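# Summary of structural features
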Amino acid sequence: MRLSLRSRFDGRSGGRNLALLVGVLAVAPLVLAVLGLDYYTIVLTQALILGILALSGDLAWGSTGIFTLGQAVFFGIGAYAVGELAKHLGVTDVLAASVIGLGVGAFAGVLVGLFLFVGSRVGELYVGLVTLALAFAAERFATGWDVIGAYNGVPGIPGPTLGPLVLEYGPTTYYTIFALFVLVLYGAYQLNKSQFGLVMRAVRDDGERAEFLGYRRTTVQIVVFSITSALAGMAGGLYALSSGFVSPSFLGVTLSTQVLLWVVLGGRGTLVGPLLGLGLVYVLGGRIAEFQPQLWPVILGLILLGTILYLPGGLIGRRVVPLRKRVAVTTAAAPTGGGDRV
Amino acid sequence: MSPETVRIIFDTLSVASILVLLVLGMAVIVGMMRIFNLCQGEFVMLGAVVAYLASVWLGSSLLGIILAPIFVGLFGSVLERLVIRRFYGSPAGALLATFALGFVIREVVRALMTQQGAPVPAPLPGNFEFMGANLPVWRLVIMIVTITVVALAYFGLARSAIGLRVRATLDNRELAEATGISTSRMYAGTYAVGAGLAGFAGAMIVPGRILYPDLGIDNLIPMFIAVMTGGLGTIEGPLLGAFALGVPSGLMPALINPVFAQVVVIVGAIVFMRFRPAGLVSR
Amino acid sequence: MSEAVTSAASAAPVLVARDIRKVFGALVALDGAEVSVAKGEIVGLIGPNGSGKSTLLHVISGRTPATGGTVTLGGRDVTRAKPSDRIRAGLSIKFQLARVYLDQTVADNLLLAIQSQAPLVSLMLSRSRAAAASTIDELLEGFHLTHARSQLARELSHGEQQWLEIAMAMALKPTVLLLDEPTAGMSREERLATGERIRAARERCGVLIVEHDLDFIRGLCDRISVLHQGKIIASGTPAQIEADPRVQEVYLTRV
């Protein structure tokens, strides 16, 4: 399916925006400390972890066209794995948690990816609905399974450590997570910029054409799906440590659709866009929601609707083809790709 | 038959008929029009809101059941005109837009509701006795109404002359236009019917229960899975899918942990869809 | 000319489609059609609308499975292979409507074609970008697209997009090149230039052209096969085909 929502990340731009964002995030705790808003350092720490989740959603959907509505499933699996290990075996090291999250996320991602993509030409919307249903089922399952705490989830997870250091809430934890976040962001940026990134966009824009160039579309999809699931798992593991609990909602539909919301708002395929979307919804929105708890969700919904209607490329996506180029578009308006499948 | 068995059969049929009733509107919008309408759950919830308001203001939730399809159908036709219409060529765009619409509707209702949940009185409270089992009257009414509405919809949409024109329009827009059918009115009308049916379902199921803003979205995914299991392109496919999904959902809680029962049904449906993407009934 | 035909015909065929049947419900689209191409040979496939040309092409490319018959590439049976595996076995296709990546640059479109068989890990590490650069330059020059190197493909003219797609097809270093109406929508000059490029391509591979325009392939092809109602009704040199009364009856009179 060709989407009308197309942003044109060409793999070579966007680096400056990302560098700017990293710069702002690097000094943010200092600014917040000066302003006496130390509490927001903790909020930002959580946002950085969710940022890894946002990046995973953007790589899957934005760059490769895998319309996943179930990123939270892998986030939740990572969170439960790390939460249980931290609680019962004392695994609280953030690096260990990252590795565990990546591992279980990748494992689950490979399984789901094989199920979704091998041997079937399922359409984009089918992937969306199945992953959404999976998130729904996963949350129900976790709610009912006593072994992982059923309704209560996993409370009382000990705080994060780094080697021998116990990480206090505030700047110490922030900068540790920040380092991991920048690492993931850099990796995602390089992946988009690499020749593989070009292949991802080729699969997104016209997967059948890619096959007729000799690419194995299924393999590309499974590889990307596994990578993004691994990143979601890593985010979940870190989130479990930094928030001190895991609940069934970590696996569920609400968080999954949040990821979609960040990506759509910010601009798919741009990396920086979904992070800004997350910032708008989670950081800024969280602040507004404190004094307008009823009005803010309505406003957010209207912003989302407005974005979809009027800025289909997202807040920062380049969505308008300059007039000069439009002529060429209309004269060569050849349909690309097969029909829509579900 | 022991009263216990009667009770289980009754519950199973009740759960299945509620799902069929919920899916009916979706069968029109998703099944026939192929719009992945993520605000379908909110249409159901709005129908429940109408029933609630009717019970408070007019003193009768029965009146609400009559008014709900009208109001929600009108609301649907407004949405079609303002938003949905732009996305007929872009299924993924429609999915996102309806997701956003559902989000807005839900949050507006949440903001307007003064309490967490509002109980809606059942118009026909009480139980009746059947083969030793004590069964709620309203649930029986739902079953009978479901069967009636399904029959009406089947003959009205799948078999009648109007239904034929609707289907012709949805199948081949250009051809329909060439034969003088006003396609844009047809689309708007069909969407409104789908919304109205959802509103009716919402007003039917909420009496005797609690109205809350997430009433719709909580049912959305089972509804979608039912439609996909049944197959797109027909009215009967999604309804059959709803029945096929509803029966095990209703039956299994008697056998295994109810939470896992739903998981088993959904995972089963996902696997089924994977290996038979056209669904139970395909054209 | 006749010498080229005999030498080409004696070489081992790189593409053979034999006894191809394709049935859609009650409609028989292909009924024992066959076509073969040898290395260095340019074969034309013509036929009126609805004769099964496109279906035959789809069966060869792997887009639609055949109901019966076999397709071999370089002696390998690929009847059941996926498109990507057929490409890897030496097939290359230029679609009727140019299907280039409109939102990528011209150079990136070519890069996609050049590296399509590289291992994914090496693509992630972008090891081969520099090595591909000279190949890209060569292709750009050969197709007069050097000026458009870093333009988006959607900014190209219709004819240029067609050339870009032929260049992409050539970049795969095929043993068999399938061209589906390569000159559709082109001006006379563009058509002549395209013919030149196809002639140049024959040195490296066999070419199968599906065309409407008999004038275009008359001077280009060594052999022409005529498809009618799912069967090959005639096959021979352009001169023989034009003289064949059956062909005139079903095809030429209708043009």
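Use the structure listed above.
Keep in mind that this is a model prediction, so the values were computed, not measured.

All names here are of chain B. Looking at the element boundaries, S14 is found in helix α1 (residues 3–32). The class for S14 is buried, based on a relative accessible area of 1%. A sequence separation of 132 residues divides S14 from T146, and the C-alpha atoms of the two residues are 9.9 Å apart. Other than its neighbours up to four places away in sequence, S14 contacts R139 and M143.

Moving on to the interface of chain A and chain B. Across the contact, 42 residues belong to chain A and 38 residues belong to chain B. Both faces combined, the contact of chain A with chain B buries some 3,600 Å², and carbon together with sulfur accounts for 82% of it. By the criterion of area lost to chain B, the three top residues of chain A are F115(A), L129(A) and F136(A), representing 15% of everything that side buries. On inspection of chain A and its partner chain B, the count reaches zero salt bridges. Counting across the interface, chain A meets chain B through four residue pairs in polar contact (both at pLDDT 80 or more). For the side of chain A that touches chain B, the secondary structure elements donating two or more residues are α4 (94–117), α5 (124–144), α10 (253–266) and α12 (295–310) of chain A. Counting residues per element, the side of chain A that touches chain B draws most heavily on α5(A), at 12 residues.

This part is about the packing of aromatic side chains. Given two aromatic rings, one states the distance between the centres and the angle between the planes to describe the pair. For the coordinates displayed, the defined rule picks out 20 aromatic pairs over all chains. Centroid distance F212(A) to F95(C): 5.3 Å. Interplanar angle 80 degrees. Geometry classified as edge-to-face. Here F212(A), found in the loop between α8 (207–211) and α9 (217–243), pairs with F95(C), found in the loop between β6 (91–94) and α4 (106–114), and the two come from separate chains. With a relative accessible area of 1%, F212(A) lands in the buried category. Among the residues examined, F95(C) registers a relative accessible area of 9% and is labelled buried. For the ring pair F36(B) and F224(B), a centre distance of 6.0 Å and an interplane angle of 5 degrees mean the geometry is stacked. Separated by 188 residues along the polypeptide, F36(B) in the loop between α1 and α2 (40–58) and F224(B) in helix α9 (residues 215–230) bring together distant segments of the chain. Exposure remark for F36(B): the relative accessible area of 2% places this residue in the buried category. Counting every residue linked through ring pairs, the aromatic cluster contains F75(A), Y239(A), F245(A) and F250(A). R274(B) extends its terminal NZ or CZ atom over the ring of F275(B), reaching a point 5.1 Å from the ring centre. Over the ring of W163(C) we find R197(C); its NZ or CZ atom is 4.3 Å from the centre of that ring.

Definitions and limits used
- Residues numbered from 1 in each chain as written.
- Chains lettered and ligands numbered in written order.
- Predicted model: local features only at pLDDT ≥ 70, side-chain atom pairs only at ≥ 80, totals over all residues.
- Heavy atoms only, no water.
- Helix = DSSP H or I, 4+ residues; strand = E, 2+ residues; numbered from the N terminus.
- Buried < 20%, exposed > 50% of the residue type's maximum accessible area, 1.4 Å probe, protein only.
- Contact = heavy atoms within 4.5 Å.
- Buried area = accessible area lost by both parts, 1.4 Å probe.
- Salt bridge = Lys/Arg side-chain N within 4 Å of Asp/Glu carboxyl O.
- Polar contact = N/O pair within 3.5 Å; in protein donor to acceptor, adjacent residues only side chain to side chain.
- Phe/Tyr/Trp six-rings, centres within 6.5 Å; stacked < 30°, edge-to-face > 60°.
- Lys NZ or Arg CZ within 6 Å of the ring centre and 35° of its normal.

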